[in-house]
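As a plain string of letters, each chain reads:
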Amino acid sequence: QLKKREQAAAAAHTFFMANPTHLQMREDMAKYRRMSGVRPQSFRDLETPPYWTNYDTGLELLGHQEVGLALPRLEEALQGSLAQVESCRAACEGPEEQEAEEEEEEEEEEEEEGAGGQGGLYEAIAGRWIRVLRCRQRCVTDVATRPGRSLPVPDFFPSQLRRLHKAHAQGGNLSRAVESALGVLLFYPEDEAAQQALTQCQAQLGEQGLHLRPREDIQRFLLRSLGEKRQLFYAMEHLGTHFKDPDPWTPEGLIPEELRAKLREDQEQRPWDHEPAEPQPWTHWKDVLPLEGVTLTQDARQLNGSERAVLDGLLTPAECGTLLQLAQDAAGAGARSGYRGRRSPHTPHEHFEGLTMLKAAQLAQAGTVGSPGAKLLLEVSERVRILTQAYFSPERPLYLSFTHLVCRSAVEGEQEQRMDLSHPVHADNCVLDPDSGECWREPPAYTYRDYSGLLYLNDDFQGGDLFFTQPNALTVTAQVRPRCGRLVAFSSGVENPHGVWAVTHGRRCALALWHTWAPDHQEQEWAEAKELLQKSEQEEVAAEEPPGRDPAPEPPRRKAQRVHDRAGKALRVREEL
């Protein structure tokens with residue numbers, strides 16, 4: 001409002017770094033970049049310490065196999081985070097007022113337990129020292145928590161050592177790799193992966209590798225931390241104080257036996273220790289679903305919404321490859337159905353290619369694309385329909401209303417500082433009004449759509465994750481990473497607004513399907529495509545028959561039996577579906 005645009009851009013950038021899914025700030029950032037007087041260097045982070053920048057840059061470089069560039073960044077991140085711990089520890093010895101808010105909850109708990117702080121000078125000194133120790137133990141959690149976030153990066157220092165070991169080993173510096181692996185084993189002596197990595201490096205180094213020791217900075221950090229924990233456990237046992245150990249690597253032997261159950265309960269309640277549940281085989285509908293190997297990876301509760309699910313195993317890698325080849329061949333033939341240009345209708349930074357069911361069948365008949373790909377497209381769409389009906393609507397039949405094989409490709413050279421989305425937030429059967437949170441089920445929306453599905457074919461691209469929001473189109477509630485054979489299915493209404501993050505590198509392909517309860521809106525192209533492919537198959541069979549006289553007419557009784565068998569088979573398939 002004061003027209004101080006550079007300061008506004010810096011504040012917006014700082015907020016966005018801690019809240020990268022906030023769509024309104026993303027749009028504001030894009031506006032700032034277009035304003036005159038706002039320089040690129042105006043977009044600076046006002047809060048994040050340098051070690052986080054080095055940490056993120058190092059991980060990105062390591063992911064791109066640029067080990068030589070990643071190593072100094074990872075080293076600086078570790079040194080910087082250790083230095084930040086030292087600064088935090090020093091602040092713990094400051095005036096009591098600095099710690100008052102942090103200690104309030106713990107002191108209340110102690111009073112409830114009977115350690116109300118009554119006593120003389122020695123008790124006051126002990127109480128002060130215990131508060132300093134507890135503050136120091138919290139420093140690792142504080143340093144491992146990004147600005148603006150509420151939870152720390154789990155196992156912050158051991159995970160950094162693991163990555164340093166990997167980088168040094170790939171870079172050929174086996175001595176430093178051994179030091180990092182030994183550092184991991186200081187935290188977790190029974191870690192089999194670290195033991196195996198250490199053994200491999202020592203075998204290559206020979207006698208020299210047996211005399212190496214863990215990094216001195218990690219040894220110093222760990223021994224000091226364990227010494228402080230020992231004092232805090234003593235105070236818990238003999239003075240009735242309270243301490244929630246923030247570290248999962250504390251040796252059990254250090255904890256007095258009568259305190260272990262309590263501390264184990266505290267650790268189980270820490271939200272950052274809860275790993276996502278392993279995908280479970282989808283056995284609840286096993287009797288009605290003739291699809292083997294499908295797993296329910298996330299249900300509506302895990303996706304923070306209603307009538308949404310993530311299922312894996314619908315396609316094999318070979319099937320994904322066949323459909324990707326179909327999309328590639330169709331694109332080469334210029335068969336972008338419904339889109340005249342190469343640019344996406346949603347963003348100028350991507351190419352968009354779409355292939356309908358009927359177009360695929362027509363191209364297969366013309367020999368432009370392979371018929372196996374077109375047939376698989378037809379089969380897979382029915383596979384998804386059966387699955388969606390069994391999961392969401394077992395008592396009411398669903399019909400395919402539209403099927404679209406879609407690929408989005410990043411335009412090279414146009415991704416720098418990009419802020420828009422690959423597909424803006426929307427609902428599939430109503431016109432979403434983010435300001436009011438309403439969704440108007442009226443044209444131009446496809447009001448007859450009841451359930452939507454996205455079946456992914458690949459994951460070798462950057463960006464492009466699907467995300468769900470609240471009806472305000474700003475608050476992201478869940479995010480799903482595409483992978484081969486993964487289906488995201490959900491109801492098409494206001495309860496499931498969704499969008500797609502920008503595809504910044506590579507090509508993202510998926511099969512988009514919409515289902516309806518209304519038979520009148522059943523996809524006619526599906527039946528036409530099936531008929532066309534069957535006709536092509538019959539022509540191929542006829543072409544393979546040897547030339548000669550016309551075949552004898554089929555006896556009436558045999559013909560009647562064949563028709564009866566075919567009708568019975570069709571009836572059984574219909575009942576099974």
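Use the structure listed above.
Criteria and thresholds
- Residues numbered from 1 in each chain as written.
- Predicted model: local features only at pLDDT ≥ 70, side-chain atom pairs only at ≥ 80, totals over all residues.
- Heavy atoms only, no water.
- Core = buried A, V, L, I, M, F, W, Y, C linked by side-chain atoms within 4.5 Å.
- Buried < 20%, exposed > 50% of the residue type's maximum accessible area, 1.4 Å probe, protein only.
- Helix = DSSP H or I, 4+ residues; strand = E, 2+ residues; numbered from the N terminus.
- 1 Å grid on protein atoms, 1.4 Å probe; cavity = no way out; pocket = protein on both sides within 12 Å on 5 of 7 lines; lining within 4 Å.
- Points joined across faces, edges and corners; volume = space filled by probe spheres on them.
- Expected span 1.5 Å × (residues − 1).
- Bend = angle between axes of the 7 residues up to and from the residue.
- Pairing = 2+ DSSP bridges.
- Axes fitted to C-alpha atoms, helices over the stretch in contact; angles between N-to-C directions.
- Parallel < 35°, antiparallel > 145°, perpendicular 65-115°, else oblique.
- Contact = heavy atoms within 4.5 Å.
- Phe/Tyr/Trp six-rings, centres within 6.5 Å; stacked < 30°, edge-to-face > 60°.
- Lys NZ or Arg CZ within 6 Å of the ring centre and 35° of its normal.
- Salt bridge = Lys/Arg side-chain N within 4 Å of Asp/Glu carboxyl O.

(A) Main features of the nonpolar core. Among the nonpolar cores identified, the biggest contains 53 residues, and Leu78, Phe156, Phe157, Phe187, Phe221, Phe233 and Trp249 are the most heavily contacted of them. Elements represented by at least two residues in this core include exactly helix H3 (50-63), helix H4 (67-91), helix H6 (121-143), helix H7 (156-171), helix H8 (174-187), helix H9 (192-205) and helix H11 (216-239). By size, the runner-up hydrophobic cluster in this structure holds 43 residues, among which are Ala309, Leu377, Leu378 and Val384.

(B) Quick look at empty space enclosed by the protein. Counted by the stated rule, this structure contains 3 cavities of 30 Å³ or more. Of the pockets and cavities examined, the largest cavity occupies roughly 70 Å³. Lining the largest cavity are Val85, Arg89, Arg136, Gln137, Cys139, Val140, Phe221, Arg224, Ser225, Glu228 and Asp247. Mapped by element, the contributors of at least two residues to the lining of the largest cavity are H4, H6 and H11.

(C) Up close: H6. Taking 1.5 Å per residue, 23 residues should reach 33 Å; H6 reaches 33 Å between its end C-alpha atoms and fits that length. At glutamine 137, H6 shows its maximal kink, close to 25 degrees.

(D) Spotlight on the sheet that holds strand S12 (residues 476-480). On the basis of which strands lie adjacent, the open sheet formed by 4 strands has the order S6-S14-S11-S12 and antiparallel pairing. Edge positions in the sheet fall to strand S6 (423-426) and S12, since each has one partner strand and no second. The mean inter-strand angle of the sheet, taken between neighbouring strand axes irrespective of direction, is 20 degrees. Two strands pair when backbone bridges link them, and strand S11 (residues 466-469) and S12 are joined in this way by 4 bridges, in the antiparallel orientation. The residue bridging threonine 469 from the neighbouring strand is valine 476, located in S12.

(E) Quick look at the packing of H8 against H11. It is the contact of H8 with H11, at a shortest axis distance of 10 Å, that shows an interaxial angle of 10 degrees. Taken as axis vectors, H8 and H11 run roughly parallel relative to one another. Here H8 contributes Gly183, Leu186 and Phe187 to the contact with H11, which in turn contributes Ile218, Gln219, Phe221 and Leu222.

(F) Representation of the pairing of strand S9 (residues 451-456) within the structure. By the criterion of burial, S9 is predominantly enclosed, with 6 of the 6 residues buried. Here S9 runs beside strand S13 (residues 487-491); their pairing, made up of 5 bridges, is antiparallel. Its bridge partner lying in S13, leucine 455 is registered against leucine 487. Where S9 lies against strand S15 (residues 503-516), 6 bridges are found, and the strand directions are antiparallel. Considered in S15, the bridge of glycine 453 is made with leucine 513.

(G) Representation of the packing of aromatic side chains. Inspection of the entire model under this criterion finds 16 aromatic pairs. A ring pair is formed by tryptophan 52 and phenylalanine 156, whose centres lie 5.2 Å apart and whose planes are at 35 degrees; its orientation type is tilted. In this pair, tryptophan 52 is assigned in helix H3 and phenylalanine 156 in helix H7, connecting sequence segments 104 residues apart. What makes tryptophan 52 buried here is its relative accessible area of 0%. Through a chain of ring-to-ring contacts, the aromatic side chains of Tyr51, Trp52, Tyr55, Phe156, Phe157, Phe187, Phe221 and Trp249 assemble into a single cluster. Here lysine 229 stacks its cationic end above the ring of tryptophan 249, 5.0 Å away from the centre of that ring. Against the face of tyrosine 446 rests arginine 449, its NZ or CZ located 3.9 Å from the ring centre.

(H) Geometry of the pattern of salt bridges. In total, this model carries 22 salt bridges according to the counting rule given. Among the ionic pairs, glutamate 6 bridges to arginine 39, the shortest N-O distance being 2.8 Å. Placement of the pair is glutamate 6 in helix H1 (residues 5-18) and arginine 39 in the loop between helix H2 (23-34) and H3, with a sequence separation of 33 residues. Here glutamate 6 falls in the partly exposed class, since its relative accessible area comes to 24%. Salt-bridge contacts for arginine 136 lead to glutamate 228; the nearest nitrogen and oxygen are separated by 3.2 Å. Residue arginine 136 is found in helix H6, and its partner glutamate 228 is found in helix H11; the two are separated by 92 residues along the sequence. A relative accessible area of 12% means that arginine 136 is categorised as buried. One continuous salt-bridge network, built from bridges that share partners, spans Glu75, Arg176, Glu179, Arg215 and Asp217.

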